[in-house]
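# Results of the structural survey
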Amino acid sequence: MDVFPDFDGLSGISELREVAGALLMSVLVVAVLMLIVSAICWAIGAANGNYQVATKGRIGVFVALGGAILAGAGVAWLNWLVTIGGQL
């Protein structure tokens, strides 16, 4: 079973693939940096008893994870659309 779509079947797919790859990379870099900073804030806030900082850090961790998951889902959706476009 071939999981990857045929990128040669449609014109302009190579540019779309490059743009999607660049956007995914930038989103994942920002998500990882946000995850690191938020986890540090969460740990420092929880260790010092500052529950407002701990709560903000926890929310930041969940937002970073959600952003990374949505970025991966966006790539899967784009691949699905390219597959559907190749079948039309």
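A brief structural summary. What you see is a predicted model; the values in this text were computed from it and never measured.

### Some thoughts on the overall build of the protein chain
The number of helices and strands found in the protein chain is two helices and zero strands. Across the 88 residues of the protein chain, 15% fall into the buried class. Across the protein chain, the fraction of contacts at a sequence separation of at least 24, relative to all contacts at a separation of at least 6, is 60%. Total accessible area computed for the protein chain in this model is approximately 6500 Å², and 72% of it derives from carbon and sulfur atoms.

### Comments concerning the environment of Asn79
Tracing the backbone shows Asn79 in helix α2 (residues 51-87). Given the relative accessible area of 25%, Asn79 is considered partly exposed.

### Some words on the environment of Leu23
With respect to the element layout, Leu23 can be found in helix α1 (residues 13-48). On the basis of relative accessible area, Leu23 is assigned to the exposed category, the value being 53%. On a C-alpha basis, the gap between Leu23 and Ala71 in space is 8.7 Å, while along the polypeptide they are 48 residues apart.

### As for the side chain of Ser38
Along the chain, Ser38 turns up in helix α1. For Ser38, a relative accessible area of 9% translates into the label buried. Residue contacts for Ser38: discarding those within four places in its chain leaves Gly57, Gly60 and Val61.

### Considerations on the environment of Trp42
Here Trp42 shows up in helix α1. Residue class for Trp42 comes out partly exposed when judged on its relative accessible area of 31%. Taking C-alpha positions, Trp42 is 6.9 Å from Thr55, a pair spaced 13 residues apart along the chain. Setting aside anything within four residues of it in sequence, one finds Trp42 in contact with Ala54, Gly57, Arg58 and Val61.

Cut-offs applied
Residues numbered from 1 in each chain as written. Predicted model: local features only at pLDDT ≥ 70, side-chain atom pairs only at ≥ 80, totals over all residues. Heavy atoms only, no water. Helix = DSSP H or I, 4+ residues; strand = E, 2+ residues; numbered from the N terminus. Buried < 20%, exposed > 50% of the residue type's maximum accessible area, 1.4 Å probe, protein only. Contact = heavy atoms within 4.5 Å. Areas by Shrake-Rupley, 256 points an atom, 1.4 Å probe, with all protein chains shown as cover.

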